[in-house]
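What the coordinates show
Residues per chain, in single letters:
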Protein chains: 4
Amino acid sequence: MDSHTENIAENVDRERPATKREQRAASIEALLGEALALFITQGYHATTVEEIAQAAGLTKGAVYFYFKSKANVLKALLDRTEELTIAPTIAAMASAGEDPEDRLSAFVRSQSVIGAEKTEYMLLAILMSAEFNGSGDEIEQRLNELMARMEDALRETVMTGQQKGVFRAEIGADELASVIMATNKGCYVEWYMRGSDLKGQDFARAFREFVFDGTVAR
Amino acid sequence: MDSHTENIAENVDRERPATKREQRAASIEALLGEALALFITQGYHATTVEEIAQAAGLTKGAVYFYFKSKANVLKALLDRTEELTIAPTIAAMASAGEDPEDRLSAFVRSQSVIGAEKTEYMLLAILMSAEFNGSGDEIEQRLNELMARMEDALRETVMTGQQKGVFRAEIGADELASVIMATNKGCYVEWYMRGSDLKGQDFARAFREFVFDGTVAR
Amino acid sequence: MDSHTENIAENVDRERPATKREQRAASIEALLGEALALFITQGYHATTVEEIAQAAGLTKGAVYFYFKSKANVLKALLDRTEELTIAPTIAAMASAGEDPEDRLSAFVRSQSVIGAEKTEYMLLAILMSAEFNGSGDEIEQRLNELMARMEDALRETVMTGQQKGVFRAEIGADELASVIMATNKGCYVEWYMRGSDLKGQDFARAFREFVFDGTVAR
Amino acid sequence: MDSHTENIAENVDRERPATKREQRAASIEALLGEALALFITQGYHATTVEEIAQAAGLTKGAVYFYFKSKANVLKALLDRTEELTIAPTIAAMASAGEDPEDRLSAFVRSQSVIGAEKTEYMLLAILMSAEFNGSGDEIEQRLNELMARMEDALRETVMTGQQKGVFRAEIGADELASVIMATNKGCYVEWYMRGSDLKGQDFARAFREFVFDGTVAR
DNA sequence: TATGAATGAGAGTTCATTCAT
DNA sequence: GATGAATGAACTCTCATTCAT
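The rules we used
Residues numbered from 1 in each chain as written. Chains lettered and ligands numbered in written order. Predicted model: local features only at pLDDT ≥ 70, side-chain atom pairs only at ≥ 80, totals over all residues. Heavy atoms only, no water. Contact = heavy atoms within 4.5 Å. Buried area = accessible area lost by both parts, 1.4 Å probe. Salt bridge = Lys/Arg side-chain N within 4 Å of Asp/Glu carboxyl O. Helix = DSSP H or I, 4+ residues; strand = E, 2+ residues; numbered from the N terminus. Nonpolar A, V, L, I, M, F, W, Y, C, P; charged D, E, K, R; others polar. Near = heavy atom within 4 Å. Polar contact = N/O pair within 3.5 Å; in protein donor to acceptor, adjacent residues only side chain to side chain. Least-squares fit on C-alpha atoms with pLDDT ≥ 70 in both.

**Some details on the interface of chain A and chain B**
Each side of the interface is counted separately: chain A has 43 residues, and chain B has 43 residues. Interface area for chain A against chain B, summed over the two sides, is near 3,700 Å², with a carbon-plus-sulfur share of 56%. It is Glu175(A), Val179(A) and Phe210(A) in chain A that bury the most area against chain B; as a group they hold 18% of the surface buried on that side. For the pair chain A and chain B, the interface holds 10 salt bridges. A salt bridge links Asp213(A) to Arg168(B); the nearest nitrogen and oxygen atoms lie 2.4 Å apart. Elements with a contribution of two residues or more to the side of chain A that touches chain B: α2 (20-42), α7 (119-132), α8 (138-163), α9 (173-194) and α10 (200-215) of chain A. Among the elements that line the side of chain A that touches chain B, the one with the most residues is α9(A), at 16 residues. Along the lines of polarity and charge, the residues of the side of chain A that touches chain B split into 17 nonpolar, 10 polar and 16 charged.

Printed below as a string of structure tokens:
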């Protein structure tokens, strides 16, 4: 229906959208995009609503019109993070079959790809986890749930691998899974902070080898 | 009760220091200690000068009397971080001899020990790096130098190891060193955030194995 | 009772008006009704245009379409207040003849009846007088005129009564009339705020006796 | 100790107080005084913290330094209201003996005197009651308690008088007491809004006669 | 040595209002 | 006839900082 309308009005001006629905979508997209970039580079608290609005070519009021509060902007971004990064990774692991090595491989590959394509969303979850840790905020809870979903899937895979004798068993599953996650998160942050100095292919490969060599029993 | 204690512990009264010099030192110590804990748990920006002062049993004015600014409190803590964590690790690597494996081992052990004993200082450097990243602040510069000293030492060791054929050479030294640092930092943060759920021995060991198995050529 | 009225007014469908004129009238009626209730319970400034609109099942824009401004909504309500409460009371006094006691009685009865039937409109005038007092607003002027009309009629009656020797004369007419008005207003507000705890008949009677016994010479 | 100091430093400058304690007291006094005037003339919500501060020759920050929130400024004023107007009136009634007429007389006289001397505090309670009515605010509760104390004392006196046959008994005690309070409150507001037009002596006398003649049985 | 009063810049948020559709 | 996007001014509140004492 919507696409039909677009087909008719061929050279639709995308900067000043014709319909209200389009305008709404465009504004929300602009605001979320700028907020994502700003939250990552400056942190949530150090970013002002005014900055987000101005970066999107709007005013503060527009942010509150669409999101009601600054916290809701972050929440909307976390919804996307779940959808674009957490869920795909868990799905990739699930569809990799029963073999723990395949699952770990799926995890590592999925995160590698996301790290290349959706870096910012994953980074957001990691950085906000640190910023909101211990705040008692509702967002802290949300972030914990988000990360826990991935960590749970990882821990389960690690345990299965240990039971089957393919993953190193002298270390507790919880601790091993935690170090994997730590490496994963650490690489995201490092890549973000030093990315321009590094070769992406090499960096991603090193990350994968670390996880694999560190986890698989020899 | 209090006076009784005072009578016993002759002139070393730490609660009510006899001399001005001691009082000065005690106040500074209290302020820095509380600031360290608060910066880590809440972040720098989210921590108010008032909170620091109150936690130390003083008032805001005292913070400004001793440190002139909030930023200086952090700088003082970063001085200690360098002294207590960065410098010892670099020294340990230096005194490990020429063998790259020994040096890497020294790095990994040193960080392991620090992770157990001076966690907070190292954590401070890592968390503040994230918080100040891209701020253009003078502190950002200071943090970069701090971390760079450790990363430079690590990169040099990695390069030597690659040249001698003992470290995996198919990945650039810069990228390999970065993943090591990423794992290191990631483990600090993970330990800080989930420490109570994890067995420290296992976690530290997993960290060491990750770094070793991921770095050494097979 | 209400459905009976509807049965008489045959095809007056108030929920989905057939003609635009009817729709217009229905929307205006809904908006004014909700605004009246909200201004009384929350005050003018504490009531938002959005609240009024939502309560009437419309959006903010509709309020501005019909009334141009929030102030105009109040002005429209004050027009009705004059028509439904002030004017009838003055008319009742006028048609009570020349006898001051009859006139006072007409005032007191009229206000008693209005207090039972049109409480909200009279209350609006009283509460808004307090809220806008000293604001320098145009509405303040409007409210002053509204109340002055009633107070003038009352003062004149009091003066006549004093001259004829039927009302107590040791107190100035202005002051006596003011205390009558004060009692009147006070009772409206008290009834509004505590109405559910009180017996209306008794309360209204006490009001009438206060005014009469306090005014008539013994 | 403090008075001793004052005695020594004879011509103490009261505009720029010497000691911090004096400065604190002076600032608080100025802020509360201006807040009282503004809350009465403009209402609580229509008064900004900035206005209060400026009127007292200070800045917004000072208000928050002393009171932590705008609501606390009002609460502090309500404490004074209780102390200066409610409590004295109840005390006057209590010390008037057992005779209901004496008690009513004490109430009416006390309120008359307060109306002349502490008008603003009593007015504050009355106006804020209207403004906060139905807000669900903590302050609403506080105001209800405040007024209830006076109303309870009044109702009890009315009941006793009715039982002894000296007050008119054909009207419920609750309703009679409510009309007395309504008259009382109405007169405060009327006096405040029209005071400059009226003779205070006459107005106060009219108020007293209204209450007495309306209450006492003939 | 340390306090407490006070400031001023700026944050998040609300809301009456406008206007294209 | 009515909507929904967007604005801009104003509001409450926070906080690093200064300074007289």
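What follows picks up the thread again.
**Focus: the protein's contact with DNA strand E**
Taken together, 37 residues are adjacent to DNA strand E, and Tyr64(A), Tyr66(B), Lys20(D), Phe65(D) and Tyr66(D) come closest. Contact between DNA strand E and Val49(A): a phosphate oxygen at 3.0 Å from a main-chain N or O atom of the residue. Note that a phosphate oxygen of DNA strand E is positioned 3.1 Å from one of the side-chain N or O atoms of Ser27(B). Counting residues per element, the ones that place at least two in the surface near DNA strand E are α4 (60-67) of chain A, α2 (20-42) and α4 (60-67) of chain B, α4 (60-67) of chain C together with α2 (20-42) and α4 (60-67) of chain D. Split into classes, the residues belonging to the surface near DNA strand E amount to 12 nonpolar, 14 polar and 11 charged.

**As for the interface of chain C and chain D**
Each side of the interface is counted separately: chain C has 43 residues, and chain D has 43 residues. Note on chain C versus chain D: buried area summed over both sides is about 3,600 Å², and carbon and sulfur give 56% of it. Sorting the residues of chain C by area buried against chain D places Glu175(C), Val179(C) and Phe210(C) first, and these three jointly supply 19% of that buried surface. At the surface where chain C touches chain D, the tally comes to 10 salt bridges. Residue Glu190(C) is joined to Lys185(D) by a salt bridge in which the shortest nitrogen-to-oxygen separation is 3.2 Å. Linking chain C to chain D there are 14 residue pairs in polar contact (both at pLDDT 80 or more).

**Concerning the relation of the copies chain C and chain D**
The two chain copies are connected by a rotation around an axis plus a translation along it. Superposing chain C onto chain D takes a rotation of 180 degrees plus a shift of 0.0 Å along the axis, which leaves an RMSD of 0.1 Å. Taken together, the rotation and translation relating the two chain copies correspond to the operation of a two-fold axis. Most of the interface of chain C is mirrored in chain D: 98% of its interface residues are interface residues there too.

**Overview of the environment of Met150(A)**
Residues and elements named next belong to chain A. The residue Met 150 is located in helix α8 in this model. Note: C-alpha distance between Met 150 and Ile 86 (64 residues apart in sequence) is 6.5 Å. When near neighbours in sequence (up to four residues on either side) are disregarded, Met 150 contacts Ile 86, Thr 89, Ile 90, Phe 107, Gln 111, Met 122, Met 181 and Asn 184.

Read these as layout, nothing more, since geometry by itself doesn't imply function.
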